[in-house]
Amino acid sequence: MTRHTMAGTTLAAALAAGLLLAGAAPAAQAATAGGTFGPHGYGGVRLGMSAKAAKATGRITHKRGTDSGTCTGWELKAHPAGRDAVGLYISKKHGVAMIFAPKGARTPAGIGLGSTRTQLKRAYPKLKTAASGFPYIKAPGNPKAYYAFLLNGKGRIYQIALALDNQDCAN
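Residues numbered from 1 in each chain as written. Predicted model: local features only at pLDDT ≥ 70, side-chain atom pairs only at ≥ 80, totals over all residues. Heavy atoms only, no water.

Peer 1: Tell me what's going on with the overall build of the chain, and back it up with residues and numbers.
Peer 2: Scanning the chain from N- to C-terminus turns up 3 helices and 10 strands. The N-to-C order of helical and strand elements in the chain reads α-β-β-α-β-β-β-β-α-β-β-β-β. Put simply, of all contacts in the chain between residues at least 6 apart along the chain, 57% involve residues at least 24 apart. When the accessible surface of the chain is totalled, it reaches about 7600 Å², and 52% of it is carbon and sulfur. (Helix = DSSP H or I, 4+ residues; strand = E, 2+ residues; numbered from the N terminus. Contact = heavy atoms within 4.5 Å. Areas by Shrake-Rupley, 256 points an atom, 1.4 Å probe, with all protein chains shown as cover.)

Written as structure tokens, this is what we have:
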């Protein structure tokens with residue numbers, strides 16, 4: 001989560017779930033992923049890719065009931081997000097705007113679900129904190145994107161989003 005002006009800094013609402021725009025419970029990631037999460041995309045789906053191009057990959061499926069006026073909710077077929085969650089959002093204006101990390105995926109710096117706050121700060125020393133309290137950082141290697149992280153009470157990451165700075169799916 002977190003546009004670099006923190007497009008509305010309450011990305012926490014969207015992060016908190018790989019979430020439905022309405023704000024559902026955190027995603028229960030069914031399948032374990034692997035590979036690098038970002039800085040341009042994940043699983044063959046790239047940030048900024050049009051809905052048509054993303055669908056043509058054959059790697060995503062539309063998640064009914066998750067659409068808003070500006071964005072539609074999808075999931076990676078290989079990594080279902082769970083009943084009340086999505087794996088990514090596609091903006092009508094910007095294309096693939098936000099992707100949520102499935103279990104097992106790691107950023108190029110080695111951060112994944114379950115990483116600690118200490119590991120996060122070590123991997124990303126220029127980490128910033130949004131007004132709503134979640135840590136974020138410009139995605140190294142992609143000047144048009146950022147990573148946003150949600151941590152639980154024990155200081156472990158339970159949600160990671162990779163998003164376009166200008167995404168309009170979460171505020």
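Moving on from the coordinates now.
Peer 1: Now, about the nonpolar core: what can you tell me, with residues and values included?
Peer 2: Within the largest apolar cluster, 28 residues are counted, with the highest numbers of intra-cluster contacts made by Phe37, Leu88, Val96, Tyr147 and Phe149. When contributions to this core are tallied by element, the ones reaching two or more residues are strand E4 (71-76), strand E5 (88-91), strand E6 (95-100), strand E9 (145-151) and strand E10 (157-164). (Core = buried A, V, L, I, M, F, W, Y, C linked by side-chain atoms within 4.5 Å. Buried < 20%, exposed > 50% of the residue type's maximum accessible area, 1.4 Å probe, protein only.)

Peer 1: How would you sum up the packing of aromatic side chains? Please name residues and give values.
Peer 2: Two aromatic rings, taken as a pair, are described by how far apart their centres are and by the angle between their planes. Enumeration over the complete set of coordinates arrives at 6 aromatic pairs. Where phenylalanine 37 meets tyrosine 42, the ring centres are 5.8 Å apart and the plane angle is 55 degrees; that geometry is what we call tilted. Judged by its relative accessible area of 1%, phenylalanine 37 falls in the buried class. The buried category is assigned to tyrosine 42, whose relative accessible area is 6%. In this structure an aromatic cluster arises from ring pairing among Phe37, Tyr42, Tyr124, Tyr147 and Phe149. (Phe/Tyr/Trp six-rings, centres within 6.5 Å; stacked < 30°, edge-to-face > 60°.)

Peer 1: Describe the pattern of salt bridges, naming the residues involved and giving the relevant values.
Peer 2: Side chains bearing opposite charge may pair, as long as their charged atoms lie close to each other. Scanning the entire structure with this criterion turns up 2 salt bridges. Measuring nitrogen to oxygen at the nearest pair gives 3.3 Å for the salt bridge that ties lysine 63 to glutamate 75. Separated by 12 residues along the polypeptide, lysine 63 in the loop between strand E3 (60-62) and E4 and glutamate 75 in strand E4 bring together distant segments of the chain. When its relative accessible area of 12% is taken as the criterion, lysine 63 is described as buried. Note that aspartate 165 and lysine 138 form a salt bridge whose closest N and O atoms lie 2.1 Å from each other. Placement of the pair is aspartate 165 in the segment after E10 and lysine 138 in strand E8 (residues 135-138), with a sequence separation of 27 residues. (Salt bridge = Lys/Arg side-chain N within 4 Å of Asp/Glu carboxyl O.)

Peer 1: Explain the pairing of E6 to me, and be specific about the residues and the numbers.
Peer 2: The element E6 is largely enclosed, with a buried count of 6 among its 6 residues. Pairing between E5 and E6: 4 bridges, direction antiparallel. By the bridge assignment, serine 91 is partnered in E6 with glycine 95. Count of turn residues in the E5/E6 antiparallel hairpin: 3 residues. Where E6 meets E10, 3 bridges bridge the pair, whose relative direction is antiparallel. Bridge pairing in E10 places phenylalanine 100 opposite alanine 161. (Pairing = 2+ DSSP bridges.)

Peer 1: Before we move on, could you go through the confidence of the model for the chain and cite the residues and values that matter?
Peer 2: Chain-level statistics for the chain give a pLDDT mean of 83 and a share of 80% at 70 or above. Considering only residues more than four positions removed or in separate chains, one finds that residues 1-31, a stretch of pLDDT under 50, has 124 contacts. (pLDDT = per-residue confidence, 0-100.)

Peer 1: Which residues make up the state of the cysteines, and what values go with them?
Peer 2: Enumeration according to the criterion identifies 1 disulfide in this entry. One disulfide bridge connects cysteine 71 with cysteine 169, the sulfur atoms lying 2.0 Å from each other. The sign of the -90 degrees torsion about the S-S bond sets the cysteine 71-cysteine 169 disulfide as left-handed. Remark: cysteine 169 occurs in the segment after E10 and cysteine 71 occurs in strand E4; sequence separation between them is 98 residues. By relative accessible area, which is 0% here, cysteine 71 ends up buried. (Disulfide = S-S within 2.5 Å.)

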